[in-house]
Every structure is written in structure tokens, then in C-alpha cells.
Amino acid sequence: MSNAAAPVTQGPDRSDGPVHVAIIMDGNGRWAAARGLPRAEGHRRGVEALRRVVRAAHDLGIRYLTIFSFSSENWSRPASEIGDLFGLLRRFIRNDLATLHGDGVRVRVIGERAGLESDICALLNEAEELTRDNTKLNLIVAFNYGSRQEIARAAQRLAREVAEGRRDPSSIDADTLGHYLDAPDIPDPDLIIRTSGEQRLSNFLMWQSAYSELVFLPIHWPDFDKAALEGAIAEYARRERRFGGLAAKTAS
Ligand code: IPE
Ligand code: IPE
Ligand code: MG
């Protein structure tokens, strides 16, 4: 979680495809329930969908892929389910890190690390360290992540600078705050996809999604595949992004 003062990419992206795709991987439990299977099996199949989508994003030349894997609010689930989800994350990193690295994927992690078990922190650090120079696809794992918490952490750090006399409050604008978020050098998501039919953000990238295009799919996450990703990207291509300005055809 560096705090480099790189500019946050904003404004119209005139290229065809999204540079940054973020996904709320939802519906594992319902997928399993519909088949009479335990929720854990839905989560296990969800990891397979994740492997597929990373490969697909890589093939499609997407530069940044953010995945919501555990929210700050998911702590309210039964301990056994939290254990299953953490176990799957451990296994995913242990089994897949070498392949991801070989494929040129850079792994980044956003979210609160304080309070996580030390072996999980070590695995997350190892993934980030090993892959830090890779340039093909940036895979950003939102783990123990909540957007309100991320913004509050940023505000806390700014407040500390003010209290220590290192910053004038009047110097704080939206860009400043953006630079104190967990991954300030990553451009805002162009496209946010949520599976399972729910149409909400559930505390995901609320700051960064100010001008993201949102695509809600009726399928559950374990059924997500390359075709679904391509379909969402096709829908994105049909949208007209205006960023508060005028439509391209009216502007000239
Ligand atoms: C997404 O599936 C996985 C996580 C939130 C970790 P869910 O577990 O939320 O599945 P549903 O929404 O209950 O079907
Ligand atoms: C959002 O899904 C969190 C993740 C996908 C990790 P939830 O299933 O937790 O969201 P709600 O509770 O339906 O809003
Ligand atoms: Mg859910």
C-alpha cells in the first residue's frame, strides 16, 4: 500500500476497451444452495471462476483487474464460513502465485491488514513482493476491504499531518484525499461488474467509482467465464461516458 503521489487517472478514456475492470464476485452461496450443496462448495467453485477470469483478462489485454474477495462487513458471517473463505485465499496464493508470476501478473492488495492473522499477512506480502516488477496484468485483491474504512484511513493520515503542522487544511482537495487511499497510483475503474443480480456496491470502491460504468449480471459468480466478461465489456462499449461534460457528438 504505497502512498506515492502519482496522479490519479481521471477524465474521458477514448479508447475502446476498459483499462480497469473491477468485479464484485457475488452469488457463491446461492449458486450452491440452488444445487443442494454447502455454501463452501460455492466458494470453492468461485475460486475456479476467479482463475478463469484472470486468464481471460490477461488474454483480453486488460491492464487492471480488481476483485472483491472479502469485505469489512463479511466478518458478520458465521465463523465457519469466514474460516472457509480465508482457507481458500491461503490456498489460492499458495497454489497459484507461481503461475501468476510466470504469466507476468502483478498482485496488489487493498484493504485493512491490521488485525489479520500473521500468516495471511505474510502470504499477501509475499505475493506483492514476488510480483512487484511484473507489467502484464495488475491483479488487485480487495481483501478485508471496505470503501468507507479506506476513506476514513486516508482522512486519519491527513488529519495527523495537519495536527503535526505538516499540512495546511486548505490544501486538502479531492485529489489530495485520493492520493491517501490504499492504491493511489491505480486508475479509477472504468467498468464495475457485479454478479448474482444484486444491484448495489456494498462498500466497494465508492470513491473510485464516481464515473465507473456499472454492469449487473444475473448469473452467480461460479458461472462467470470469459464469455460473460466479454459480454460485460461489450455492454461497456455501448455506454457513453460524459464525466459531467457533453456527449462527444454534441461537444464539437
Ligand atoms: C460472494 O458470494 C463471496 C463473498 C461475499 C465472500 P456470497 O457468499 O455473498 O454468496 P451469496 O450472495 O450469499 O449467494
Ligand atoms: C460483497 O458481497 C462482498 C464481496 C463480494 C466480497 P456481499 O454478499 O457481502 O454483499 P451484500 O451483503 O449482499 O450487500
Ligand atoms: Mg453475497
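Just above sits the structure.
The model shown is predicted, which means the values in this text are computed figures rather than measured ones. (Residues numbered from 1 in each chain as written. Chains lettered and ligands numbered in written order. Predicted model: local features only at pLDDT ≥ 70, side-chain atom pairs only at ≥ 80, totals over all residues. Heavy atoms only, no water.)

Chemist: How do you make sense of the overall build of the protein chain when you look at a structure like this?
Modeler: When helices and strands are counted, the protein chain shows 8 helices and 6 strands. The secondary structure elements of the protein chain, listed N-terminal to C-terminal, are β-α-α-β-α-β-α-β-α-α-β-β-α-α. By the compact-globule yardstick of 18 Å for 252 residues, the protein chain fits well, its C-alpha radius of gyration being 19 Å. Projected onto its principal axes, the C-alpha coordinates of the protein chain cover approximately 55 × 50 × 35 Å. Out of the 252 residues in the protein chain, the part that is buried amounts to 48%. Looking at the protein chain alone, contacts between residues at least 24 apart form 78% of all its contacts between residues at least 6 apart. Element-wise, carbon and sulfur atoms account for 51% of the exposed surface of the protein chain, whose accessible area totals about 12,400 Å². Taken as two groups, the 33 positive and 35 negative side-chain charges of the protein chain have centres that lie 3 Å from each other. (Helix = DSSP H or I, 4+ residues; strand = E, 2+ residues; numbered from the N terminus. Rg over C-alpha atoms; globule rule 2.2 N^0.38 Å. Buried < 20%, exposed > 50% of the residue type's maximum accessible area, 1.4 Å probe, protein only. Contact = heavy atoms within 4.5 Å. Areas by Shrake-Rupley, 256 points an atom, 1.4 Å probe, with all protein chains shown as cover. Lys, Arg positive; Asp, Glu negative; His and termini not counted. Charge placed at Lys NZ, Arg CZ, Asp CG, Glu CD.)

Chemist: Got a minute to help me understand the site of ligand 2 in this structure?
Modeler: Taken together, Ile24, Met25, Asp26, Phe68, Ser69, Phe70, Asn74, Arg77, Arg194, Arg200 and Ser202 make up the full set of residues near ligand 2. Here an oxygen atom of ligand 2 and a side-chain polar atom of Asp26 are 3.2 Å apart. Side-chain polar atom of Ser202 to an oxygen atom of ligand 2: 2.6 Å apart, as the coordinates give it. Here ligand 2 loses 78% of its free accessible area of 390 Å² to cover by the protein chains. Assessed atom by atom at 2 Å from the grid points, ligand 2 resides in the largest pocket. For the shell around ligand 2, the residue count by class is 4 nonpolar, 3 polar and 4 charged. (Near = heavy atom within 4 Å. Polar contact = N/O pair within 3.5 Å; in protein donor to acceptor, adjacent residues only side chain to side chain. 1 Å grid on protein atoms, 1.4 Å probe; cavity = no way out; pocket = protein on both sides within 12 Å on 5 of 7 lines; lining within 4 Å. Sits in = over half its atoms within 2 Å of the grid points. Nonpolar A, V, L, I, M, F, W, Y, C, P; charged D, E, K, R; others polar.)

Chemist: What should I look at first to understand the packing of aromatic side chains in this one?
Modeler: How two aromatic rings sit relative to each other is given by the distance of their centres and the angle of their planes. The full count for this structure, using the stated rule, is 10 aromatic pairs. Members of the aromatic cluster, connected to one another through ring pairs, are Phe70, Trp75, Phe86 and Phe143. (Phe/Tyr/Trp six-rings, centres within 6.5 Å; stacked < 30°, edge-to-face > 60°.)

Chemist: Even after reading the chapter, I still don't get the site of ligand 1, so can you show me in this structure?
Modeler: With respect to spatial proximity, 13 residues lie near ligand 1, and among them Asp26, Gly29, Arg30, Arg39 and Arg77 are the closest. A distance of 2.9 Å separates an oxygen atom of ligand 1 from a polar atom in the side chain of Asp26. Taken by itself ligand 1 offers 380 Å² of open surface, and the protein chains cover 87% of this. Residues that form the shell around ligand 1 fall into these classes: 2 nonpolar, 6 polar and 5 charged.

Chemist: Help me out: how do you make sense of the nonpolar core in this one?
Modeler: Soluble, globular proteins show a tendency: their nonpolar side chains are buried together. Grouped together as the largest cluster of nonpolar side chains are 47 residues, with contacts concentrated most on Ile23, Leu65, Phe143, Ile193, Phe224 and Leu229. Residue contributions to this core peak at 9 residues, all from helix α3 (residues 79-102). What Leu65 contacts, discounting residues up to four positions off in sequence, is His20, Val21, Ile23, Val53, Val54, Ala57, Leu137, Asn138, Leu139 and Ile140. Listed in part, the 13 residues of the second largest apolar core include Tyr64, Phe68, Ala142 and Tyr145. (Core = buried A, V, L, I, M, F, W, Y, C linked by side-chain atoms within 4.5 Å.)

Chemist: So what exactly am I meant to see when it comes to helix α4 (residues 118-130) here?
Modeler: Every α-helix carries 3.6 residues per turn, so stepping three or four residues along brings you back to the same face. With 13 residues, α4 extends 18 Å from end C-alpha to end C-alpha; this agrees with the ideal 18 Å at 1.5 Å per step. Among all positions of α4, only Ile120, Cys121, Leu123, Leu124, Ala127 and Glu128 are buried. All buried residues of α4 project into a common sector of 160° when viewed along the axis, lining one side. As for α4, its buried residues are in contact with α3, β3 (105-110) and β4 (137-145). (Expected span 1.5 Å × (residues − 1). Arc of directions from axis to C-beta.)

Chemist: I tried to follow the layout of surface pockets on my own but got confused; where do I start?
Modeler: Sizing a probe to match a water molecule and rolling it over the atoms shows the empty space that remains. When its volume is computed, the largest pocket comes out at roughly 630 Å³. What lines the largest pocket is a set of 30 residues, and nearest its centre among them are Met25, Asn28, Phe68, Ser69 and Asn74. Of all the secondary structure elements, the ones that give two or more residues to the lining of the largest pocket are α1 (28-33), α2 (39-59), β2 (64-71), α3 and β4. Grouping the constituent residues of the lining of the largest pocket by class yields 14 nonpolar, 9 polar and 7 charged. (Points joined across faces, edges and corners; volume = space filled by probe spheres on them.)

Chemist: Help me understand the pairing of β3 in this model?
Modeler: A regular strand carries its side chains on alternate faces of the sheet. Summarising burial for β3: 5 of the 6 residues are buried, a large majority. Bridge count for β3 against β4 is 6 bridges, and the pairing is parallel. Across the sheet, residue Arg106 finds its bridge partner in β4, namely Asn138. (Pairing = 2+ DSSP bridges.)

No statement about biological role is implied by the geometric values presented.
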